[in-house]
Amino acid sequence: MRTLPVVARTQPDPLAALVHGLADDARLVDDVVAAARAQSPEAARLPKAESRRYVAALIRAGCATFLRPGEPAGDDFAEAARFGAEGAALGVPMAALLSGVHAGRSRILEIAIARGRAAGLPDDVLLQGLLRLDRYGSALERHVLDGYRTAERQLDSDRRAARVRLLRHLLLDEESDGVDPARFGLTPGGRYHCAVSDVAEPGRVRELEQAFARCGGILGPVRGRLCGLTPRLPELTTVAPALVVTTPPVPLEKATEAHRLARLALHAARARGVTGPCEVTELAGETALAAQPMLAGFLRHGLLAALDPADDFHRELAGTALAYLDHGQRLDLTASALHLHPNTVRYRLRRLRELTGFGERLTVLETVRWWWALHTWRGPV
């Protein structure tokens, strides 16, 4: 009788399983981002969505590096270098950026230790794994620093620093440190558009800054956003294709107020997915409503309490109602925009009316109330 060979079963590597879990954990990303932003308020001025994207990419790259033999390669740190470069482009001090990186790195190690112990990993195995993760973290910090310094050189940091100090004085009403506005072509009797953008990539930042300079204006990072003043606007459709919100021209003494309005409008535009150049007057309604989040919550809960955000049909009803209001309460236009039969639109509106009391032939003010409630309900709670 022939004896069959015994096939050895490869036992799963518990350390590899732990690292796989770290790489795919969205809550870990949120935890690390929160730790980094709490430790470094200056770094927290970077757009949160961008910070989260970078943290997720860096965690994935670090875990992938850990799971393959050999030391990390240069390509593993491309996102780290970009993160450093964007920090420089948005005027985040290097120390503040690194402080955020340190906090995020420490938080990852804390979580890895807790999960490793919970998984029953032997101390020596866990220690070796943590040492490898720590080496990756040290290399990551170096690449963040390299990206920052490279971007600083590209952005002509000395003259740019003077521009930023002047902009902070004009737009935030901070005390002047003696930078003369005339040095950058700004005069007390002039009128200037205020601009705010969500551009962060250094090459595009430089392109926009140069475009504003050619028009006699100045642009630079102010509180984590690219902001500026210019007597005339460049042709923004041909420059860095990103969201740029502008105000009509105002005198310099109104620049602080215009800047505050432009930032609110930028926030409203991002929430609606608007891209490209946009004037604040085009976002008047959204901007005014965005300034009253508590009232938005009251409307959401008061008018739409019967709707469940987890119910797909309820989301269809809300989306149809929003389209109906956006198209002048016209069934035919709403149906065409949604690629539905008018009877389908009519049915959905009737069902929404039964659930919430959504009215027919709404007045202007009633339309505002319902549009605002529906828009808030469909967005983050």
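Note that this is a predicted model, so its numbers are computed, not measured.

1. Topic: a nonpolar patch on the surface
Then, in step 1: Together, M294, L295 and F298 make up a nonpolar patch on the protein surface, roughly 350 Å² of accessible area in all.
Then, in step 2: Following the sequence through the fold, F298 ends up in helix α11 (residues 293–304).

2. Looking at unusual backbone geometry
Then, in step 1: Its identity is not glycine, yet D173 carries a phi of approximately 60°, on the positive side.
Then, in step 2: What makes D173 exposed here is its relative accessible area of 58%.

3. Side note on the UniProt feature "domain: PucR C-terminal helix-turn-helix" (unreviewed entry) in the protein
Then, in step 1: Mapped onto the present numbering, the UniProt feature "domain: PucR C-terminal helix-turn-helix" (unreviewed entry) falls on residues 318–358.
Then, in step 2: Within residues 318–358, the helical portion is 78% and the strand portion 0%, while the C-alpha atoms at the span's ends are 10 Å from each other.

4. Some points on the side chain of T287
Then, in step 1: Relative to the elements of secondary structure, T287 occurs in helix α10 (residues 284–290).
Then, in step 2: Among the residues examined, T287 registers a relative accessible area of 4% and is labelled buried.
Then, in step 3: Once you skip the residues sitting within four places of it in the chain, T287 turns out to touch L261, L264, A265 and A268.

5. Regarding the nonpolar core
Then, in step 1: Of all hydrophobic cores here, the largest spans 29 residues; its most connected members are L166, L171, L186, L229 and V245.
Then, in step 2: Those elements that provide at least two residues to this core are α7 (157–172), β1 (191–197), β2 (218–222), β3 (225–230) and α9 (255–271).
Then, in step 3: In this structure L171 touches C194, V222, C227, G228, L229, A255, T256 and H259, once residues within four positions along its chain are discounted.
Then, in step 4: L289, L303, V345 and W377 belong to the second largest nonpolar core, which has 24 residues in total.

6. What to know about the packing of helix α5 (residues 94–118) against helix α6 (residues 123–154)
Then, in step 1: For the pair α5 and α6, the least separation of the axes is 11 Å and the interaxial angle reads 165°. Considering their axes alone, α5 and α6 lie roughly antiparallel with respect to each other. The chirality of how α5 crosses α6 is right-handed.

7. A closer look at the pattern of salt bridges
Then, in step 1: Under the counting rule described, the total for this entry stands at 11 salt bridges.
Then, in step 2: Here E209 and R163 are joined by a salt bridge, their closest N and O atoms 3.2 Å apart. In this pair, E209 is assigned in helix α8 (residues 202–214) and R163 in helix α7, connecting sequence segments 46 residues apart. R163 matches E209 in its accessibility class, with the two residues each being buried.
Then, in step 3: The closest approach of N and O atoms between R330 and D332, which form a salt bridge, is 2.7 Å.
Then, in step 4: You can call D332 partly exposed: its relative accessible area is 39%.
Then, in step 5: One salt-bridge network, in which partners are shared between bridges, spans D31, R107 and E110.

8. A closer look at the packing of aromatic side chains
To describe a pair of aromatic rings, you give the distance between the ring centres and the angle between the ring planes.
Then, in step 1: By the definition in use, this model includes three aromatic pairs.
Then, in step 2: With 6.4 Å between their ring centres and 65° between their planes, Y324 and F358 make a pair best called edge-to-face. Of this pair, Y324 sits in helix α12 (residues 312–326) while F358 sits in the loop between α14 (342–356) and α15 (364–378), and the two are 34 residues apart along the sequence. By the burial criterion, Y324 is buried, and F358 matches it.
Then, in step 3: Seen from their ring centres, F358 and W370 are 5.2 Å apart, and the 85° between their planes marks the pair as edge-to-face. You can see F358 sitting in the loop between α14 and α15 and its partner W370 sitting in helix α15, a full 12 residues away along the chain. Taken as a pair, F358 and W370 share a single burial class, namely buried.
Then, in step 4: Among the aromatic side chains, those forming a connected cluster through ring pairs are Y324, F358 and W370.

9. Thoughts on the environment of D180
Then, in step 1: If you trace the backbone, D180 turns up in the loop between α7 and β1.
Then, in step 2: You can call D180 partly exposed: its relative accessible area is 45%.
Then, in step 3: As a C-alpha pair, D180 and L166 span 14 residues in sequence and 7.7 Å in three-dimensional space.
Then, in step 4: Within the structure, D180 has its side chain in polar contact with the backbone nitrogen of A182 (distance 3.1 Å).

Cut-offs used in this document
Residues numbered from 1 in each chain as written. Predicted model: local features only at pLDDT ≥ 70, side-chain atom pairs only at ≥ 80, totals over all residues. Heavy atoms only, no water. Patch = residues over 30% accessible without salt bridge, like charges linked within 9 Å, V, L, I, M, F, W, Y side chains within 5 Å. Areas by Shrake-Rupley, 256 points an atom, 1.4 Å probe, with all protein chains shown as cover. Salt bridge = Lys/Arg side-chain N within 4 Å of Asp/Glu carboxyl O. Helix = DSSP H or I, 4+ residues; strand = E, 2+ residues; numbered from the N terminus. Buried < 20%, exposed > 50% of the residue type's maximum accessible area, 1.4 Å probe, protein only. UniProt positions renumbered as here; feature names shortened; annotations may be inferred. Contact = heavy atoms within 4.5 Å. Core = buried A, V, L, I, M, F, W, Y, C linked by side-chain atoms within 4.5 Å. Axes fitted to C-alpha atoms, helices over the stretch in contact; angles between N-to-C directions. Parallel < 35°, antiparallel > 145°, perpendicular 65-115°, else oblique. Left-handed = near helix turned anticlockwise from the far one by under 90°. Phe/Tyr/Trp six-rings, centres within 6.5 Å; stacked < 30°, edge-to-face > 60°. Polar contact = N/O pair within 3.5 Å; in protein donor to acceptor, adjacent residues only side chain to side chain.

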